[in-house]
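What follows is each chain in one-letter form.
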Amino acid sequence: MRSIATCYSEHAIKVSDSYCSGPSSRACLSPTLTPSMPSAITCLYKVKLCSQKTLLITLTWGNKLINQGLTITLGDNNISSPSKFTQDSHHPRKIKGTKLFQSCNSKIEAFWDLSTASYETGPEPTSGFYVVVVVDSELGLVVGDKDEDAILKTLKTKLSMAKSSLVSRSEHFSGNTIYSTKAQFCDTGVAHDILVKFSGDEDGSKTASPVLSVCIDNKKIFQVKRLKWNFRGNQTIFLDGVLIDLMWDLHDWFFKEASGVAIFMFRTRSGLDSRLWLEEKYLEQKDQDKAGFSLLIYAFKNPG
């Protein structure tokens, strides 16, 4: 008997197949169209310590006018009673530093160095930085590209490393209805360029019948027309040997004048998983080692 995952993959859009011919072989983005820049990016990491204790560590990168800001939040496996520590680089003395506090019945030490950080688009640094979270004298999370010697010099000791994985990434946009990011959906895959746009037609002009286009690695994967009728929906993509559900909800964007927000969600799943929108349940499923990864794009009509 074939597995359910095999059946799903037969009906999913295979990204490699979409490159072969037809409209999907054309470049997704015209040179005259500029993607929106993210105003906030939130990364949720699941950390499993040697003691088998599991924590959720959230890093939120946000714009502070012309400066960058970082918020570190810790919570237990049920996302209850989170402890938040905010580092605002608006103050030069806080571009590099440490913080010691208690959270989730653990001793937490946070170390960060953004003094030489480089930024391309948005508030998340791309190079020249590190953020380290130590939980009960164990390296819970290490993010950044600073060399290991620099980090060990900061920690003044070599610690055991916990198992960590990125389970969710959320990005907030406002401005043009073109949203660009990168995502790696499995450990054995590569980082893919993801672009979502919804507009009147192929050249971006406004008409009464908006169109949603989704592109991966600059190739159009699929298109949804008549969005005011199809404002919610989902499509399955087969990429890097993984099934990925893409779900969109544009109801509030079209039917709420000022506070409209469009939501797009890419989420890996097993063939047995039929829950699509319930992200909290997805993160709390019984087998936490198979939690997978989700990418959420929040598009706001007006800046928050």
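Below is a summary of the structure that appears in this document. (Residues numbered from 1 in each chain as written. Predicted model: local features only at pLDDT ≥ 70, side-chain atom pairs only at ≥ 80, totals over all residues. Heavy atoms only, no water.)

This next bit is on the overall build of the protein chain. In terms of helices and strands, the protein chain carries four helices and 18 strands. Put simply, the protein chain has 304 residues, and 46% of those count as buried. Partitioning the contacts of the protein chain with sequence separation of at least 6, the portion at a separation of at least 24 is 48%. Here the protein chain has roughly 15800 Å² of accessible surface; of this, 52% comes from carbon and sulfur atoms. (Helix = DSSP H or I, 4+ residues; strand = E, 2+ residues; numbered from the N terminus. Buried < 20%, exposed > 50% of the residue type's maximum accessible area, 1.4 Å probe, protein only. Contact = heavy atoms within 4.5 Å. Areas by Shrake-Rupley, 256 points an atom, 1.4 Å probe, with all protein chains shown as cover.)

Another point: the packing of aromatic side chains. Summed over the entire model, instances satisfying the criterion amount to 11 aromatic pairs. For the pair Phe173 and Tyr179, a centre-to-centre distance of 5.3 Å together with 55° between the ring planes defines the contact as tilted. Just as Phe173 is buried, Tyr179 falls in that class too. Ring geometry for Phe231 versus Phe255: centroids 5.6 Å apart, planes at 80°, classification edge-to-face. One end of the pair, Phe231, is in the loop between strand S14 (219–224) and strand S15 (232–239); the other, Phe255, is in helix H3 (residues 251–255), and 24 residues separate them in sequence. One aromatic cluster is present, formed by Phe173, Tyr179, Phe198, Trp253 and Phe264 through successive ring pairs. Geometry around Trp253 places Lys301 over its ring, the cationic atom sitting 5.8 Å from the centre. (Phe/Tyr/Trp six-rings, centres within 6.5 Å; stacked < 30°, edge-to-face > 60°. Lys NZ or Arg CZ within 6 Å of the ring centre and 35° of its normal.)

For the structure on display, the rule yields seven salt bridges. A salt bridge links Glu171 to Arg169, with the nearest nitrogen and oxygen atoms 2.8 Å apart. Taken as a pair, Glu171 and Arg169 share a single burial class, namely buried. Here Asp193 makes a salt bridge to Lys182, at a shortest N to O gap of 2.5 Å. Placement of the pair is Asp193 in strand S12 (residues 192–199) and Lys182 in strand S11 (residues 178–183), with a sequence separation of 11 residues. (Salt bridge = Lys/Arg side-chain N within 4 Å of Asp/Glu carboxyl O.)

As a further point, take the environment of Gln52. Along the polypeptide, Gln52 turns up in the loop between strand S2 (38–48) and strand S3 (54–64). Placed 111 residues apart in sequence, Gln52 and Lys163 show a C-alpha to C-alpha distance of 9.9 Å. Of the polar contacts made by the side chain of Gln52, one reaches the side chain of Lys48; its length is 3.4 Å. (Polar contact = N/O pair within 3.5 Å; in protein donor to acceptor, adjacent residues only side chain to side chain.)

Below, the discussion takes up the pairing of strand S9 (residues 138–144). With five of seven residues buried, S9 lies mostly within the body of the structure. When strand S8 (residues 130–135) meets S9, the two strands line up antiparallel, connected through six bridges. Bridging across to S9, Val131 finds its partner in Val143. The antiparallel hairpin formed by S8 and S9 contains two residues in its connecting segment, where Asp136 sits at a positive phi of about 50°. (Pairing = 2+ DSSP bridges.)

Geometric descriptors of this kind do not, in isolation, establish any biological role.
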